[in-house]
Amino acid sequence: MLQKREKVLLLRTFRGRTLRIVREHYLRACVPCHSPLCALPAACSHDGKLLSSDVTHYVIPDWKVVQDYLEILEFPELKGIIFMQTACQAVQHQRGRRQYNRLRSLLKDTRHDCILFANEFQEQCYLPREKGEAVEKWQTRSIYNAAVWYYHHCGDRMPIVMVTEDAEAIEQYGSETQGVFVISFKDYLDNFWPDLSAAHELCESILQSRRARESESQESHGREYAEHLPLEVLEAGIRLGRYVQGTLNVNKYRAQIEAFVRLQGASSKDSGLASDILIHGMKARNRAIHGDVVVVELLPKGEWKGRTGALCDNDSEDKASSEAPSEPMPTGRVVGILQKNWRDYVVTFPSKEEVQSQGKNAQKILVTPWDYRIPKIRISTQQAEALQDFRVIVHIDSWESTSLYPNGHFVRVLGRIGDLEGEIATILVENSISVTPFSEAQLCETPVNTPEKPWQVSAEEERRRRDLRRTHLVFSIDPKGCEDVDDALSVRTLSNGDLELGVHIADVTHFVASNSYIDVKARTRATTYYLADRRYDMLPSVLSADLCSLLGGVDRYAVSVMWQLDKTSYEIKTVWYGRTIIRSAYKLCYEAAQELLDRNFGIVDEIPELKNLDEKSKQARLEELAGAIERLTDIARHVRAKRNRCGALELEGVEVRVQLDDKNNIHDLIPKQPLEVHETVAECMILANHWVAKKIWESFPHQALLRQHPPPHQEFFAELRKCAAAKGFTIDTRSNKALADSLDKAEDPTDPMVNRLLRSMATQAMSNALYFSSGSCAEEEFHHYGLALGKYTHFTSPIRRYSDIIVHRLLMAAIAKDEKMELKENLLSNKDLEELCRHINNRNRAAQHAQKQSTELFQCMYFKDKDPETEERCIADGIIYSIRTNGVLVFIPRFGIKGAAYLKNKDCLVMACGRDSCLEWKPGSLQRFQDRIISTTTGGESVTLHLFDHVTVRISVQASRCHSDTIRLELVSNKPHKDPNSELSQPSPLLLKSDLVREVTRCAEEAQLAQEVVAHAIPEEEYLEYRQTKGRSLYMLLEEIRDLALLDVSGDCGM
């Protein structure tokens, strides 16, 4: 029997309004307790995790303990933890979404022995808040009451330890109930876990941070920053239009002086502002940290400032630039923070000399974050000298108005500075990427496929699926060494002469059930993470590289889309969607497929499926396969031409993939070599994604996962138009069709790099393509600008993208709906789907950033130990693609590097032309124009550099102890670089990249070998623990190319 109560909630909307909502709150006698000691297991109906049966006690943390010590509660050694609903809701409301999601992930993780108990729905646990009672006291009282009930519910057989920071609660409840103990968290660790040193160190770090914060607030009299306005004042100001809210984005190149707030919610529509708001200086930022959702007050127009157009180094101690700023833009100051999106930060301790210079307060250390956008953090520790050679994780606890810096605490050591594994771990932490191994519970859900017990197609599935094994020539085309084969293709002639085109995608959802342990893990990761030398899979390898991978010569389950095409026009007549059984006849690499397309049958030895055939059979099979690839290519040309007529864009990006040798060391770094078969496969995938998008939207118009690519803002094309004009080209950006046509015409017959750079600039001007729920916006907003398609989704890569798994489930539900069959699983609502899309979009951005940063890491490691004055490879040809007030931006095709080259140095000397067109520093001045920059010395000598000029640059590395190293470019000559070896043989980019990565690998191996003999070196096992897959990276992700997820490994170069 349910008991009805009323619960009052105060919720804040995007517009800043506070809504008072009265909800019906139903209490029940039976709520899942998730304990094996439960006296009423049938009534409690335990679903999901159960607490371990081999613990000596259960521990129930108070709300304050969950907030402050969650990092310790995540230790796998701590078992039998019961998180009360009251404590979880306190985290959600007081600590923001990031920490709440972290808590939710902990509860879902099967490796951690912890559960959630919904105490506020259990009739004997629920306690209404008394009149005048403080929220904190009510929360502690509710949790204690639930702890007592839980103890009795388990038959008084398992002691309960409630840990709290409330001294009054310890005194009041400590001995009130036999079998329920109430102690402080520190006492709990001291008495129950005396040997868990890591937990004690972390606890002491958190306590030191708290004591330092309390001491500072007592000692400080003056305020460094203005106090944040109360929440009700902020809400009223947003509602009335006095304030606006948005997300703070700090400029990493001018972190101390320049940040921007991008408006969100109603603020973006009601403010009338066409651009972001500039936040100039730390005082105006008012303790907000990059990523926080802030409330901003606009300054009077007379106080507006502009952003500077000068190049600058990554210098954490930025000073205001002496260069004239650009036109004033809306400028404001932060008056409050709505949501603190603080995370774990990787930092470096100061050197020994710097620690000593801090004097008597040496226990309070200022550490420098790896991310330039994060301010220095003050932590209390006595380990500064021991940790100065390591990357360390810290967490920010608070930032008081009386302090110049935020206060935080030490969490754990990550790795040694400069070590390859330590730097990779830094990149993962900085992007909030968790790559912990799959748990035993997750792996137990996967099928067995061993030589002793091989996996087979079941008889039931043979009855349910269309069997294509004997009727269709199915084959895959992927990069060399590809393990996770998502897709395969087929084409055949029907009896009436028409063609049938088939796209067959791995049926991942057959093996990954909704809300299973594997599904939860895949949803959390959302994508496979590709770094320069490794990948971290979204799914366990038994699925990603075996049972779901459409390998050659084995039976596999697939979800297929097959079209009947007119035999002459290739127009689509009918389409069929459904589950199939396939056996891929060939697993081809792109290079082999291209050779077959070109009718070069000498490639036959690289096709293993043909090796054991006689010559006649081999030729017949080759003719059949080559004919199929030719027909596919003809169809793809037609489909591409149709999209081109609608304005599809062909853009430029920097892409590489890493090859590993048989010892899993880096062997080669290979840039993408454009082949027509790339286009063929990409067009087939785009066609399948488009038709599946239409199908799921027609069936579920308000809850379909689609992908949109909004038109870019016209102001982002300004530099593209200026650069093109410098070469006499006109770029029309009014539509995607006009832009595509303009780029096609912007060809310089003397220099093909001009068109490549213009396309790269167009790519950078684009908005990001995003996943969304179809119920969250109007149909006219569905359009994909880059692909020129009205509706689009991702269906073709479920092994490495969670979005595709959701789309597969939607497609299966749509098919069942057409056949009037009962839906086997509940689909996500529009609200839940929109939240999931936000998560996937966030993880995709993290994956792109990690990929970019890992590529930059290898570039720097290659050049770091080379003398730029004598090493021949440190001199290269570069092309100027942007003019700044104090220098130029240069692209180096040989290494795929973009960077800044200064024409004025810090001593105010400018570049002048010496002997043999070599450049040198002399007193003088610079004059910048739209298409050129002129350097004039006091002696009257001048050098003029134009857009798209070829120059000679010297490459070196600007080392940084606290941050990532960066590539530094220096102009050597205003003439193109002449490679002395070019007359004998033009060096291949493949060879150059191969040399680069081999050299990086050699240096990394030598450094690792040296470290192994150091007494205090961190064991290699700690670094390698979370590396999941050291296989060949798969950078040639064709859908991402066509979907504009193009990656510029150079960064913004100070723009």
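A brief report on the enclosed structure follows. (Residues numbered from 1 in each chain as written. Predicted model: local features only at pLDDT ≥ 70, side-chain atom pairs only at ≥ 80, totals over all residues. Heavy atoms only, no water.)

So, about the overall build of the chain. Within the chain, the regular secondary structure consists of 29 helices and 39 strands. Within the chain, buried positions represent 55% of all 1055 residues. Accessible area of the chain: about 46600 Å², with a carbon and sulfur share of 49%. (Helix = DSSP H or I, 4+ residues; strand = E, 2+ residues; numbered from the N terminus. Buried < 20%, exposed > 50% of the residue type's maximum accessible area, 1.4 Å probe, protein only. Areas by Shrake-Rupley, 256 points an atom, 1.4 Å probe, with all protein chains shown as cover.)

For the rest of this paragraph, the subject is the sheet that holds strand 19 (residues 474-478). Ordered in space as 18-25-24-21-20-19-26, the 7 strands form an open sheet in which the pairing is mixed. Only two strands of the sheet have a single neighbouring strand rather than two, namely strand 18 (466-467) and strand 26 (586-589). Sitting on the sheet, helix 19 (residues 590-597) touches strand 19 and strand 26, and the angle it makes with strand 26 is about 95 degrees. On top of the sheet, helix 25 (residues 802-818) reaches strand 21 (499-506), strand 24 (555-565) and strand 25 (572-583); it is set at about 115 degrees to strand 25, its chief contact. (Pairing = 2+ DSSP bridges. Contact = heavy atoms within 4.5 Å. Axes fitted to C-alpha atoms, helices over the stretch in contact; angles between N-to-C directions.)

With that out of the way, let us pick up the sheet that holds strand 35 (residues 919-928). Spatially, the 4 strands line up as an open sheet ordered 34-35-36-37, and their pairing is antiparallel. Edge strands, defined here as strands with exactly one partner in the open sheet, are strand 34 (909-913) and strand 37 (942-946). Across the sheet, the mean angle from the axis of one strand to that of its neighbour is 45 degrees, orientation sign disregarded. Direction of pairing for strand 36 (residues 932-937) relative to strand 37: antiparallel, over a ladder of 5 bridges. Pairing of I934 across the sheet is with T944, part of strand 37.

Another aspect to go through is the environment of G552. Following the sequence through the fold, G552 ends up in the loop between helix 18 (541-547) and strand 24. Judged by relative accessible area, which is 30%, G552 ranks as partly exposed. Expressed as a C-alpha distance, the spacing of G552 and K587, which sit 35 residues apart in the sequence, is 5.2 Å. Residues within four places of G552 in sequence aside, it is in contact with S584, K587 and E609.

Turning to unusual backbone geometry, a few remarks are in order. Positive phi, normally seen in glycine, also occurs at R599, with a value near 65 degrees. Within the secondary structure, R599 sits in the loop between helix 19 and helix 20 (615-646). Phi angles above zero are rare outside glycine, and A788 is one such case at about 55 degrees. Relative to the helices and strands, A788 resides in the loop between strand 30 (770-773) and helix 25. Take A788: its relative accessible area is 9%, and that puts it in the buried class.

Here we come to the packing of helix 22 (residues 718-726) against helix 24 (residues 753-765). One way to put it is that helix 22 packs onto helix 24 with a least axis distance of 9 Å and a crossing angle of 165 degrees. Looking at the two axes, helix 22 sits roughly antiparallel to helix 24. The way helix 22 lies across helix 24 gives a crossing that is left-handed. Contacts from E719, L720, C723 and A724 of helix 22 reach helix 24 at L758, M761 and A762. (Parallel < 35°, antiparallel > 145°, perpendicular 65-115°, else oblique. Left-handed = near helix turned anticlockwise from the far one by under 90°.)

Turning to the pattern of salt bridges, a few remarks are in order. Evaluated as defined, the whole model comprises 61 salt bridges. Here E130 and R141 are joined by a salt bridge, their closest N and O atoms 3.9 Å apart. Note that E130 is positioned in the loop between strand 5 (114-117) and helix 5 (135-153) and R141 in helix 5, a separation of 11 residues in sequence. We note a salt bridge from K573 to D566, for which the minimum N-O separation is 3.9 Å. One network of salt bridges, in which partners are shared, links E462, D467, R469, R470, D555 and R583. (Salt bridge = Lys/Arg side-chain N within 4 Å of Asp/Glu carboxyl O.)

Those residues of helix 22 that fall on the buried side of the exposure criterion are L720, C723 and A724. On an axial view of helix 22, the arc spanned by its buried residues comes to 100 degrees, and they lie on one face. Considering only its buried residues, helix 22 is in contact with helix 23 (736-745), helix 24 and strand 31 (875-883). One or two positions beyond helix 22, positive phi appears at G728, with a value near 85 degrees. (Arc of directions from axis to C-beta.)

Evaluated as defined, the whole model comprises 0 disulfides. Of the cysteine sulfurs around C33, a residue in no disulfide, the closest is that of C38, at 3.7 Å. Here C88 stays unpaired: no disulfide links it, and the sulfur of C114, its closest cysteine neighbor, is 9.4 Å away. When its relative accessible area of 7% is taken as the criterion, C88 is described as buried. (Disulfide = S-S within 2.5 Å.)

Moving on: the pairing of strand 36. Relative to strand 36, strand 35 is paired through 5 bridges, and the arrangement is antiparallel. Across the sheet, the residue bridging to L926 is S935, located in strand 36. With antiparallel pairing between neighbouring strands as the criterion, strand 35 and strand 36 make up a hairpin whose turn holds 3 residues. Turn length for the strand 36-strand 37 hairpin, with the two strands adjacent in sequence and antiparallel, is 4 residues, and the turn residue G940 shows positive phi of about 95 degrees.

So, on to the environment of A912. If you trace the backbone, A912 turns up in strand 34. C-alpha separation for the pair A912 and V943, spaced 31 residues apart in sequence, amounts to 6.2 Å.

Residue position: R28 is located in the loop between strand 2 (18-27) and helix 1 (41-44). For R28, a relative accessible area of 31% gives the class partly exposed. Along the backbone, R28 and Y126 are 98 residues apart, and their C-alpha atoms lie at a distance of 9.9 Å.

To continue, consider the packing of aromatic side chains. Tallying each qualifying case throughout the model produces 17 aromatic pairs. Seen in terms of ring centroids, W697 and F782 are 6.4 Å apart; in terms of plane orientation they differ by 85 degrees. Their pairing is edge-to-face. Here F782 lies in the loop between strand 30 and helix 25 and W697 lies in helix 21 (residues 676-699), a separation of 85 residues in the sequence. Put simply, the rings of Y58, F117, W149 and Y150 pair up and form one aromatic cluster. The ring of Y557 carries R465 above its face, with NZ or CZ at 4.2 Å from the centroid. Here the basic side chain of K521 rests over the ring of F438, its NZ or CZ set 5.9 Å away from the ring centre. (Phe/Tyr/Trp six-rings, centres within 6.5 Å; stacked < 30°, edge-to-face > 60°. Lys NZ or Arg CZ within 6 Å of the ring centre and 35° of its normal.)

Considering the arrangement of structural elements, one finds T348 in strand 13 (residues 344-348). For T348, a relative accessible area of 1% corresponds to the buried category. Separated by 2.8 Å, the side chains of T348 and R391 make a polar contact. (Polar contact = N/O pair within 3.5 Å; in protein donor to acceptor, adjacent residues only side chain to side chain.)

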